[in-house]
Amino acid sequence: MAESPITARAQDFAAWYQDVVLQGDMAEPAEIVKGCMVIKPNGYAVWEGLQRELDQRFKASNHQNVYFPLLIPQSFLQKEAEHVEGFAPELAVVTIAGGKELEEPYVIRPTSETIVGHFFGKWIHSWRDLPMLLNQWANVVRWELRTRMFLRTTEFLWQEGHTAHSTHEEALEETLRMLDVYAEVAEDIMAMPVIKGVKTRAEKFAGAVRSYSIEAMMQNGLALQAGTSHDLGQNFGKAFDVQFQSKEGQLEYVWQTSWGVSTRLIGGLIMTHSDDKGLVLPPKLAPIPTVLVPIYRKDEERAQVLEAAHRIAKEVGAKVDDRDGQSPGAKFFHWERRGVPTVLELGPRDLASGKIVLKRRDTGTKEPVDQTAIAGRLTETLADIQTNLFTRAKERMKANTVLANSLEEVELILKDATAERGGGKFVMAHIKDDPVCDARLKEFKTTVRNIPLVDEYDGPGKCIVTGETVAQRAVIAKSY
RNA sequence: CGGGGCGUGGCUCAGCCUGGUAGAGCGCCUGGUUCGGGACCAGGAGGUCGAAGGUUCGAAUCCUUCCGCCCCGACCA
């Protein structure tokens, strides 16, 4: 029995995560480029799945894909005061090109609100040009000091939606619509339950009027901001002079939104479902939903088993692992670590009995199935795994959510929680949306994740910092 | 940027203190026997010891400088 290459979650959650990413062949640190990673085929295929699911929803709500330059004139960032302040510390700047010092440096986009704002200004003149609903699939660079694969890397892949509207109502509607899309993909496709809510003013996007987020809970109880949608108001419209003439003939600034999810989602996916044996992928995102491992000893068995294996695999859409010189056991471990949802085992015994063994990744259970019934059973099982993963994650989130009615209580609950040791909780408490309150939480490395759009608790109560009455409880947690 | 750790075959590391012919396990290649949860035997390939400089008859080992990576903190999708 070989030693597991994966650190147990209970021992060191952060080490476990790294091991799962590496052993699952999802990505590896680039090493030669600070803070960057190489996304490997198994990981990129998951990203392609997410792209597919998101993109079709964007298109269904009338968004069109576009592409803006990677390089943005430095002065653009400075046009929106809050925006530049928020992003300046983490910019990578190109100062030399073509062997010459540039007159004006370019920043490598950390996000594209500014350059989009510039072009919106050129493109939008009339109420007839609105709404303008664009999305961009791109890479961005943010010079983060502390990186973790998928969760925070210097360069990452994402999509950023940018829209312009003639009224604030319409923009807000868009902001919330896209938040819903994110929640739907997170829950229905990734099987990752999330809480939709509004960020506090202290935590909002630099340059937004209001930011909304979906927050997920990882297995160590830490929160992960899985997607954000921003109501930008007229901030960028004014900064980039994006005006249109209304039906009434008035010149007005547009109301904008922006929204994004990134490859960070993959990190969330991993930390939501995977176990001590490695990666666990939900069927709807698994690049390979089923692998068939043939088992044989003698050459004549080999021929018979492989013939049946390929026939059945073709029928059910499975990949046959017919690599020679690898024992079945080694193959089981191989696919288990890669998160493949279902594995079929077919050997001489099964050929004799007309059965095939179906093993599922989420529960580890094995079940012999009549070969004639395997296609249907497999479809059912994959659907059941998808449901089960979501249910499990949802229950875990519920079990690790607690109420608190004082700052001391919150601190006591979250004091010892860390990414490595775990112990995190979602603490539901009344807290005023005031930077002063956020600052108090920060003293013990905790933040308001969001104020849920739907209050599932007890309505108004007294703020744990100021004592003032606030409308409902917010999610307080340690986060990535 | 502050504190700590580490750079030696593809990977994980030993060797360094006390200078003297570069090692192990895993992986890889070849052949054979195996195969229902990480098989075994035999043979084999593979290393400018992070870089530069210095000390020395002689440096992976001692000294200096530099580079990179990881962890902890401040920053964050």
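All right, on to the overall build of chain A then. The secondary structure content of chain A amounts to 14 helices and 27 strands. Rg of the C-alpha trace for chain A: 25 Å, near the compact-globule value of 23 Å for 480 residues, within the 12% margin. By its C-alpha atoms, chain A is 80 × 55 × 45 Å across when sized along the principal axes. Per-residue burial over chain A gives 53% buried out of 480 residues. When the accessible surface of chain A is split by element, carbon and sulfur atoms take 50% of a total near 21400 Å². Separation of charge centres in chain A, based on 58 positive and 67 negative side chains, amounts to 3 Å.

By domain assignment, chain A separates into domain 1 (13-273), domain 2 (290-381) and domain 3 (399-477). Taking the mean C-alpha position of each, domain 2 and domain 3 sit 48 Å from one another.

This paragraph deals with the protein's contact with RNA strand B. The environment of RNA strand B is formed by 41 residues, the closest being Arg-146, Arg-152, Asp-350, Lys-359 and Glu-420. Backbone atoms, meaning sugar and phosphate, make up 43% of the atoms of RNA strand B lying within 4 Å of the protein. Here a base nitrogen of RNA strand B sits 2.6 Å away from a polar atom, N or O, in the side chain of Glu-336. Between a base oxygen of RNA strand B and a main-chain N or O atom of Gly-347, the distance comes to 3.4 Å. Listing elements by their share of the surface near RNA strand B, those giving two or more residues are helix 10 (328-337), helix 11 (348-353) and strand 20 (355-360).

Each full turn of the α-helix corresponds to 3.6 residues, which orients residues three or four apart in the same direction. Here helix 6 (residues 168-189) is 22 residues long and its end C-alpha atoms lie 31 Å apart, about the 32 Å a rise of 1.5 Å per residue gives. When helix 6 is considered as a whole, its buried residues turn out to be Ala-171, Glu-174, Thr-175, Met-178, Leu-179, Val-181, Tyr-182, Ala-183, Val-185, Ala-186 and Ile-189. Remark: Ala-191 follows helix 6 within two positions and exhibits a positive phi of approximately 60°.

Attention now goes to the sheet that holds strand 5 (residues 93-97). Strand pairing within a sheet occurs via backbone hydrogen bonds; the two strands may be parallel or antiparallel. Taken together, 3 strands build an open sheet; the order of strands is 4-6-5 and the sheet is antiparallel. Two strands in the sheet have a free side with no partner beyond their single neighbour: strand 4 (71-73) and strand 5. Across the sheet, the mean angle separating the axes of adjacent strands is 50° when strand polarity is ignored. In the sheet, strand 4 pairs with strand 6 (residues 100-108) via 3 bridges, with the strands oriented antiparallel. Looking at the pairing, Leu-71 lines up with Ile-108 of strand 6.

What follows deals with the pairing of strand 21 (residues 366-370). Note: strand 20 against strand 21, 5 bridges, orientation antiparallel. Bridging from a neighbouring strand, Lys-359 pairs with Lys-366 of strand 21.

Evaluation of the coordinates by the stated rule reveals 11 aromatic pairs. Between the aromatic rings of Phe-156 and Trp-158, the centroid separation amounts to 5.8 Å while the plane-to-plane angle is 85°, which identifies the pairing as edge-to-face. An identical accessibility class is assigned to Phe-156 and Trp-158; each is buried. When the ring of Tyr-182 is compared with that of Trp-259, the centres are 6.5 Å apart and the planes differ by 65°; the resulting orientation is edge-to-face. Of this pair, Tyr-182 sits in helix 6 while Trp-259 sits in strand 14 (residues 255-262), and the two are 77 residues apart along the sequence. With respect to burial, Tyr-182 and Trp-259 carry one shared label: buried. A connected cluster of aromatic rings, assembled from ring pairs, spans Trp-47, Phe-58, Trp-137, Tyr-182 and Trp-259.

Of all 5 residues in strand 23 (residues 426-430), 5 are buried, a share of seventy percent or more. Here strand 23 shows a buried face lined by Phe-426, Met-428 and His-430 and a second buried face lined by Val-427 and Ala-429. Pairing geometry for strand 22 (residues 401-403) and strand 23, over 3 bridges, is parallel. Residue pairing for strand 23: Thr-401 is matched across the bridge by Phe-426. Following the chain from strand 22 across helix 13 (residues 407-414) to the adjacent parallel strand 23, one finds a crossover that is right-handed. Sheet analysis places strand 23 next to strand 27 (residues 473-477), joined by 4 bridges and oriented antiparallel. Bridged to Val-427 within strand 27 is Ile-476.

On to the side chain of Thr-228. Its location among the elements puts Thr-228 in strand 11 (residues 223-233). Judged by relative accessible area, which is 13%, Thr-228 ranks as buried. A distance of 3.5 Å separates a polar atom in the side chain of Thr-228 from a polar atom in the side chain of His-230. Those residues in contact with Thr-228 that sit more than four places away from it in its chain are Tyr-182, Tyr-212, Ser-213, Trp-259 and Gly-260.

Calculation notes
- Residues numbered from 1 in each chain as written.
- Chains lettered and ligands numbered in written order.
- Predicted model: local features only at pLDDT ≥ 70, side-chain atom pairs only at ≥ 80, totals over all residues.
- Heavy atoms only, no water.
- Helix = DSSP H or I, 4+ residues; strand = E, 2+ residues; numbered from the N terminus.
- Rg over C-alpha atoms; globule rule 2.2 N^0.38 Å.
- Buried < 20%, exposed > 50% of the residue type's maximum accessible area, 1.4 Å probe, protein only.
- Areas by Shrake-Rupley, 256 points an atom, 1.4 Å probe, with all protein chains shown as cover.
- Lys, Arg positive; Asp, Glu negative; His and termini not counted.
- Charge placed at Lys NZ, Arg CZ, Asp CG, Glu CD.
- Domains from an automatic or database assignment.
- Near = heavy atom within 4 Å.
- Polar contact = N/O pair within 3.5 Å; in protein donor to acceptor, adjacent residues only side chain to side chain.
- Expected span 1.5 Å × (residues − 1).
- Pairing = 2+ DSSP bridges.
- Axes fitted to C-alpha atoms, helices over the stretch in contact; angles between N-to-C directions.
- Phe/Tyr/Trp six-rings, centres within 6.5 Å; stacked < 30°, edge-to-face > 60°.
- Right-handed = clockwise from strand over helix to strand, strands pointing away.
- Contact = heavy atoms within 4.5 Å.

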